[in-house]
Amino acid sequence: MASFLWTVCLSFLLLASGSRGAAPRKPIDVPFGRNYVPTWAFDHIKYFNGGSEIQLMLDKYTGTGFQSKGSYLFGHFSMHIKMVPGDSAGTVTAFYLSSQNSEHDEIDFEFLGNRTGQPYILQTNVFTGGKGDREQRIYLWFDPTKEFHTYSVLWNMYQIVFFVDDVPIRVFKNCKDLGVRFPFNQPMKLYSSLWNADDWATRGGLEKTDWSKAPFIASYKGFHTDGCEVSVNAKFCETQGKRWWDQKEFQDLDAAQYQRLAWIRQKYTIYNYCTDRARFPTIAPECKRDRDI
Ligand SMILES: *[C@@H]1O[C@H](CO)[C@@H](O)[C@H](O)[C@H]1NC(C)=O
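Under an unreviewed UniProt entry, the name given to the chain is Xyloglucan endotransglucosylase/hydrolase, and the organism recorded is Hevea brasiliensis. In its Function (unreviewed entry) section, the UniProt entry covering the chain states "Catalyzes xyloglucan endohydrolysis (XEH) and/or endotransglycosylation (XET). Cleaves and religates xyloglucan polymers, an essential constituent of the primary cell wall, and thereby participates in cell wall construction of growing tissues." Quoted verbatim from the Sequence similarities (unreviewed entry) field of UniProt, the annotation for the chain is "Belongs to the glycosyl hydrolase 16 family."

**Observations regarding the sheet that holds strand β9 (residues 136-138)**
The strand order across the open sheet formed by eight strands is β1-β4-β13-β6-β7-β8-β9-β15, and the pairing between neighbours is antiparallel. At either end of the open sheet lies a strand with only one pairing partner, and these are β1 (36-40) and β15 (269-272). In this sheet, neighbouring strand axes are inclined to one another by 15 degrees on average, regardless of whether the strands run parallel or antiparallel. By the bridge criterion, four bridges tie β1 to strand β4 (residues 64-68) in an arrangement that is antiparallel. Each bridged residue has a counterpart across the sheet, and for Pro38 the counterpart in β4 is Phe66.

**Side note on the nonpolar core**
Within the largest apolar cluster, 61 residues are counted, with the highest numbers of intra-cluster contacts made by Phe66, Phe109, Tyr151, Trp155, Ile169, Tyr220 and Phe223. One finds Tyr273, Ile283, Ala284 and Cys287 within the second-largest nonpolar core, a separate group that totals six residues.

**With respect to the state of the cysteines**
Every disulfide links exactly two cysteines, by a covalent bond between their sulfur atoms. Counted under the stated rule, the structure contains two disulfides. In this model, Cys274 is linked to Cys287 through a disulfide, with the two sulfur atoms separated by 2.1 Å. On the S-S bond that ties Cys274 to Cys287, the torsion sits near -75 degrees, and the link is left-handed. Here the residue Cys274 occupies a position in the loop between β15 and α4 (287-291), and Cys287 occupies one in helix α4, the gap between them amounting to 13 residues. Among the residues examined, Cys274 registers a relative accessible area of 3% and is labelled buried. What makes Cys287 buried here is its relative accessible area of 0%. With no disulfide partner, Cys175 has as its closest neighbouring cysteine sulfur the one in Cys287, 9.0 Å distant.

**A closer look at unusual backbone geometry**
For the peptide bond that leads from Ala214 to Pro215, omega is 5 degrees, which places it in the cis range. As for its position among the elements, Pro215 is in the loop between β13 (189-196) and β14 (216-230). Backbone geometry places Phe74, a non-glycine residue, at a positive phi of 75 degrees. Judged by its relative accessible area of 2%, Phe74 falls in the buried class. Phi at Asp133 is positive, roughly 55 degrees, even though this residue is not glycine. Relative to the elements of secondary structure, Asp133 occurs in the loop between β8 (121-127) and β9. The class of Asp133 is partly exposed, set by a relative accessible area of 38%.

Reading the values: the criteria
- Residues numbered from 1 in each chain as written.
- Predicted model: local features only at pLDDT ≥ 70, side-chain atom pairs only at ≥ 80, totals over all residues.
- Heavy atoms only, no water.
- UniProt positions renumbered as here; feature names shortened; annotations may be inferred.
- Pairing = 2+ DSSP bridges.
- Helix = DSSP H or I, 4+ residues; strand = E, 2+ residues; numbered from the N terminus.
- Axes fitted to C-alpha atoms, helices over the stretch in contact; angles between N-to-C directions.
- Core = buried A, V, L, I, M, F, W, Y, C linked by side-chain atoms within 4.5 Å.
- Buried < 20%, exposed > 50% of the residue type's maximum accessible area, 1.4 Å probe, protein only.
- Disulfide = S-S within 2.5 Å.

Here is the structure:
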């Protein structure tokens, strides 16, 4: 009996911790300076606890931002962010990966602020070979200004997955077979920034930034990166195929993850370029797979 209970208990634990790729390998939090450097307006970044936490500041003179020291080809990247609290209308906080060249690849999280008590929008986008126009927008199921939440990207040869905490909110499958370019040979750096975008961000630009509420502050910690680090001009990663994110369980979402993604689709999605027939009379090829979800 005891051993039966033990087995039940153990399998429950395994299920609860996600036996099959439920969450990417647990991120390791490190100080800012280990993986990142400021990119502009250095005096608008504040450091706490030896750089284990930082704040970006936006005022009417400037926003600010930072980028990773390394360039990566595939991996898992995450950040804990607490968005600008209170009246954040007009502000945008971004966390993204981007390559340097003209036909660039990019994987974007953009958080669009709002008036006090009104919901943030999380906009995601994927650029491949310089082509974007793949916006999706969702509301979050929590207030992102109250606590730190984890925003992460898993990127391998098979898929790009956007996670909010442990929930996959978007998947961009490798649809090379459908003629869609997929990022695979241009290293990307990570970037984050806070800036004023009141010409478009909140209610399509109707709500302007209220500068009397400045400075606007977004807080960051975590600074985890776990990718194949290569030189900026590298075309491939030496250890391609051998790293944890290349393994079977990370090549597709599992059933539980698809269920959670379906939940996001039903309850939180505001906009999906895949269903915007007015803007795209011919739907993008990768959307054929997107619709199966
Ligand atoms: C801001 O709040 C308004 C009103 O609730 C909502 O329509 C809008 O989607 C919210 N978010 C943004 C970023 O505009």
